[in-house]
Amino acid sequence: MITHRSRAALLAASLLLTGCGGAATAPKQGRTATVTEAAPGPPANSVRTVPQRIPGLGTRTWAAVPADADQVVVVTGRGIDSPAATVVLYRRTAAGWRAGDSWPAHNALRGWSDHHMGGDLRSPIGVYGLTDAGGLLSDPGTKLPYDHGGGFHSPGTGFEGESLEGSFDHVIAINYNREPGTSPLDWTRPLGAGRGGGIWLHVDHGGPTHGCVSIAEQHMKELLRALDPALHPVVVMGDQASLAR
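Along each chain, the written sequence defines residue order, and numbers are assigned to residues from 1. Reporting in this predicted model follows two pLDDT cut-offs: at least 70 for local features of residues, and 80 or more for side-chain atom pairs to be given and counted; totals over whole chains, interfaces and linings ignore these cut-offs and use all residues. Side-chain measures here rest on the full set of heavy atoms in the structure, leaving out hydrogens and waters.

- As recorded in an unreviewed UniProt entry, the chain goes by the name L,D-transpeptidase family protein, listed as coming from Streptomyces sp. 900129855.

Dropping the structure here:
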């Protein structure tokens, strides 16, 4: 178990100022080839082509997905200035990319940004690794390293007056402006403090976030149990138009 009690208080204080909202993983060339699979039933020699690209991701976005990523969490925002989004977990199979359920989500109050800054109330667009998890509650069964402790307390209210209590019961750190392989509470900011940080997937509190992506607690647990470090999971996040670039 990863523990960073010495940094927990510092993050908690920062969250009160900037919320959960900033270094992207170095992009590698994604796979764009296709494979063929025998079609069921006659004629026996017929084939169908299965694209090796996740729907909705354009050439530029797809090129940033590492070639070894066999799990991809796609967060699709409704619009560049919208706090509403959907989350889908994709798994690479021999026949192509298989989509899981589509879950409703919230992102930052003011939408999305290609150049996230601390306090801008926008979520960062991009492709980022998912290597570390944690929460106020105990590990629900994830294969990711999980930091369990009181540093994940989330007091206060959200932008719509909703309670933030329980928002950090379970979190997955998004590797935007952070050091992979550390607790989500780690305060290292490779891009500098001005570029924000503490961008997480966490439990939804019923309203927009400061920069994170939030989904229902049940879905958060499902995602934690599904993610496998051996499959090199990443998140691809942004508004629909930006992801299509």
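**Some thoughts on the environment of glycine 238**
- Under the DSSP-based scheme used, a helix requires at least four consecutive residues in state H or I and a strand at least two consecutive residues in state E, with every element numbered from the N terminus. Mapped onto the elements of the fold, glycine 238 is located in strand 14 (residues 234-239).
- It is 7.8 Å that separates the C-alpha atoms of glycine 238 and isoleucine 80, two residues lying 158 residues apart in sequence.
- Those residues within four positions of glycine 238 in sequence are excluded, and the remaining contacts are Val75, Thr76, Gly77, Trp112, Ile125 and Leu243. Should any heavy atoms of two residues lie within 4.5 Å, those residues are considered in contact.

**Here we look at the nonpolar core**
- Nonpolar cores are built from buried Ala, Val, Leu, Ile, Met, Phe, Trp, Tyr and Cys residues. Side-chain atoms within 4.5 Å join them into one set. For every residue, the accessible area obtained with a 1.4 Å probe (protein chains only) is divided by the maximum for its type, and the residue is called buried under 20%, exposed over 50%, and partly exposed between those limits. Formed by 28 residues in total, the largest nonpolar core has its most connected members in Val73, Val75, Ile172, Ile174, Leu223 and Met237.
- Where this core is concerned, the elements lending two or more residues are strand 3 (71-77), strand 4 (84-93), strand 5 (96-106), strand 12 (200-203), strand 13 (213-215), helix 3 (217-226) and strand 14.
- With near-sequence residues (within four places) excluded, valine 75 lies in contact with Ala85, Thr86, Val87, Trp112, Val213, Val235, Val236, Met237, Gly238 and Leu243.

**Regarding the pattern of salt bridges**
- Whenever a carboxyl oxygen of Asp or Glu lies within 4 Å of a side-chain nitrogen of Lys or Arg, that contact is scored as a salt bridge. All chains considered together, the criterion is met by six salt bridges.
- The partner of arginine 92 in a salt bridge is aspartate 70, and the shortest N-O contact between them spans 2.8 Å. Pair noted here: arginine 92 is in strand 4 and aspartate 70 is in the loop between helix 2 (59-63) and strand 3, with a separation of 22 residues, a long-range link.
- Put simply, arginine 178 and aspartate 132 hold a salt bridge, and the shortest N to O gap is 3.0 Å. Taken as a pair, arginine 178 in the loop between strand 11 (171-173) and strand 12 and aspartate 132 in strand 9 (residues 132-135) lie far apart in primary sequence, 46 residues in all.

**Regarding the packing of aromatic side chains**
- For this analysis, a ring pair means two rings from Phe, Tyr or Trp (six-membered ring only for Trp) whose centres lie within 6.5 Å, classed as stacked if their planes differ by under 30 degrees, edge-to-face if by over 60, and tilted for the remaining angles. Tallying each qualifying case throughout the model produces four aromatic pairs.
- Ring geometry for phenylalanine 152 and tryptophan 200: centres 5.8 Å apart, planes at 50 degrees, overall tilted. Linking phenylalanine 152 in the loop between strand 10 (146-148) and strand 11 with tryptophan 200 in strand 12, this pair joins segments that are 48 residues apart in sequence. Of the two residues, phenylalanine 152 and tryptophan 200, neither departs from the other in class, the shared state being buried.
- Ring geometry for phenylalanine 168 and tryptophan 200: centres 4.9 Å apart, planes at 75 degrees, overall edge-to-face. Of this pair, phenylalanine 168 sits in the loop between strand 10 and strand 11 while tryptophan 200 sits in strand 12, and the two are 32 residues apart along the sequence.
- The class for tryptophan 200 is buried, based on a relative accessible area of 1%.
- One aromatic cluster in this structure is built from Phe152, Phe168 and Trp200.

**A short note on the pairing of strand 5**
- Only when DSSP finds a minimum of two bridges between them are two strands counted as paired. As judged from the nine bridges shared by strand 4 and strand 5, these two strands associate in the antiparallel manner. Directly across from arginine 92, in strand 5, lies its bridge partner tryptophan 97.
- Hairpin connection, strand 4 to strand 5: the antiparallel pair is bridged by two residues.

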